[in-house]
Amino acid sequence: MVGGHARSAAPRELAEDPQAWPHADLTPHPAAVVQAIAATLAGILAERRLSLRGLAAASGVNRQAIADLLAGRSWPDVATIALLETALAVRLWPEGTSAPR
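This write-up is about the structure you can find in this document.

Rules used in this analysis
- For every chain, the first residue of the written sequence is number 1, and numbering continues from 1 along that sequence.
- Where totals are concerned, whole chains, interfaces and linings use all residues; where local detail is concerned, this predicted model gives features only for residues with pLDDT of at least 70, and gives and counts side-chain atom pairs only at 80 or more.
- Hydrogens and water are ignored here; the side-chain numbers use all heavy atoms of the structure.
- Numbered from the N terminus, helices here are DSSP runs of H or I no shorter than four residues, and strands are runs of E no shorter than two.
- We call a residue buried when its accessible area falls under 20% of the maximum for its residue type, exposed when it is over 50%, and partly exposed in between, using a 1.4 Å probe and counting protein chains only.
- What makes two residues a contact is simply this: any of their non-hydrogen atoms within 4.5 Å.
- The protein chains shown are the only cover counted for residues, whose accessible areas, like all others here, come from Shrake-Rupley with a 1.4 Å probe.
- Take the buried residues of types Ala, Val, Leu, Ile, Met, Phe, Trp, Tyr and Cys, join any two whose side-chain atoms come within 4.5 Å, and each joined set is a nonpolar core.
- Under the convention used throughout, the expected extent of a helix is 1.5 Å for every residue step, that is, one less than its residue count.
- Within this document, salt bridges are pairs made up of a side-chain nitrogen of Lys or Arg and a carboxyl oxygen of Asp or Glu, the two lying within 4 Å of each other.
- Axis definition: a line fitted to C-alpha atoms, limited for helices to the stretch in contact. Angles are taken between N-to-C directions and run from 0 to 180 degrees.
- Here the nonpolar group is Ala, Val, Leu, Ile, Met, Phe, Trp, Tyr, Cys and Pro; Asp, Glu, Lys and Arg are the charged ones; every other residue, Gly included, is treated as polar.
- Comment on the angle field: the value is read as roughly parallel under 35 degrees, roughly antiparallel over 145, roughly perpendicular from 65 to 115, and oblique elsewhere.
- Here a crossing is called left-handed whenever its near helix is offset anticlockwise from the far helix by less than a right angle, and right-handed whenever the offset is clockwise.

Considering the overall build of the protein
Then step 1. Within the protein, the secondary structure is distributed over four helices and zero strands.
Then step 2. Seen in sequence order, the protein has helices and strands lined up from the N terminus as α-α-α-α.
Then step 3. For the protein, with 101 residues in total, the buried portion stands at 37%.
Then step 4. A separation of at least 24 residues holds for 51% of the contacts in the protein among residues at least 6 apart in sequence.
Then step 5. For the protein, the exposed area adds up to about 6,100 Å²; of that, 53% sits on carbon and sulfur atoms.

Structure representation (structure tokens):
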């Protein structure tokens, strides 16, 4: 499991200052990837004035799952990211990062 034992905590809880999500410093922890995805997604939603309900309808991803991703309360799976990327026609996975080994 990616993140191993660390996945028992929400990504935002791994930051020194969880209130700074999605801008807290998490490098080099895998939660930094989730944080980058959340920040990118939040920016796209704001730019396009797209609601969580609208994105949920377009992507097939549960609205609460999107809200939890944005708030750093969950570890999104590959299918969730793929569905969101397809619906938005953008890359959410940060460039230059790969899955931890």
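Let's pick the thread back up.
Comments concerning the nonpolar core
Then step 1. Formed by 24 residues in total, the largest nonpolar core has its most connected members in Leu41, Leu55, Ile66, Leu69, Leu84 and Leu92.
Then step 2. Elements that contribute at least two residues to this core include exactly helix H1 (31–48), helix H2 (52–59), helix H3 (63–71) and helix H4 (78–88).
Then step 3. For this core, the leading source of residues is H1, giving nine residues.
Then step 4. Once residues within four sequence positions are removed from consideration, Leu41 is found in contact with Leu55, Ile66, Leu69, Leu70, Leu84, Leu88 and Leu92.

Some points on H1
Then step 1. Under the 1.5 Å per step criterion, the end-to-end length of H1 is 26 Å for 18 residues, consistent within 8% with the ideal 26 Å.
Then step 2. When H1 is considered as a whole, its buried residues turn out to be Ala31, Ala32, Val33, Val34, Gln35, Ile37, Ala38, Leu41, Ile44 and Leu45.
Then step 3. Looking at the buried residues of H1, the elements they touch are H2, H3 and H4.

A look at the pattern of salt bridges
Then step 1. Applying the stated criterion to the full structure yields three salt bridges.
Then step 2. For Arg12, the salt bridge goes to Glu13, with nearest N and O atoms at 3.9 Å.
Then step 3. Arg12 gets classed as buried once you look at its relative accessible area, which sits at 16%.
Then step 4. Salt-bridge contacts for Glu95 lead to Arg91; the nearest nitrogen and oxygen are separated by 3.0 Å.
Then step 5. Taking relative accessible area as the criterion, Arg91 reaches 47% and is therefore assigned partly exposed.

A word on the packing of H1 against H3
Then step 1. In the contact formed by H1 and H3, the axes pass within 8 Å of each other and the chain directions differ by 115 degrees. Seen from H1, the contacting residues are Val34, Ile37, Ala38, Leu41, Ala42 and Leu45; seen from H3, they are Ile66, Leu69 and Leu70.
Then step 2. Partitioned by chemical class, the residues of the contact of H1 with H3 number nine nonpolar, no polar and no charged.

Section: the packing of H2 against H3
Then step 1. The N-to-C vectors of H2 and H3 enclose an angle of 120 degrees; their axes lie 8 Å apart at closest approach. It follows that H2 is oblique to H3 by the angle criterion. Here the hand of the crossing between H2 and H3 comes out right-handed. Note on element contacts: H3 touches H2 through Arg63, Ile66, Ala67 and Leu70, opposite Leu52, Arg53, Leu55, Ala56 and Ser59.
Then step 2. When grouped by side-chain class, the residues that make up the contact of H2 with H3 number six nonpolar, one polar and two charged.

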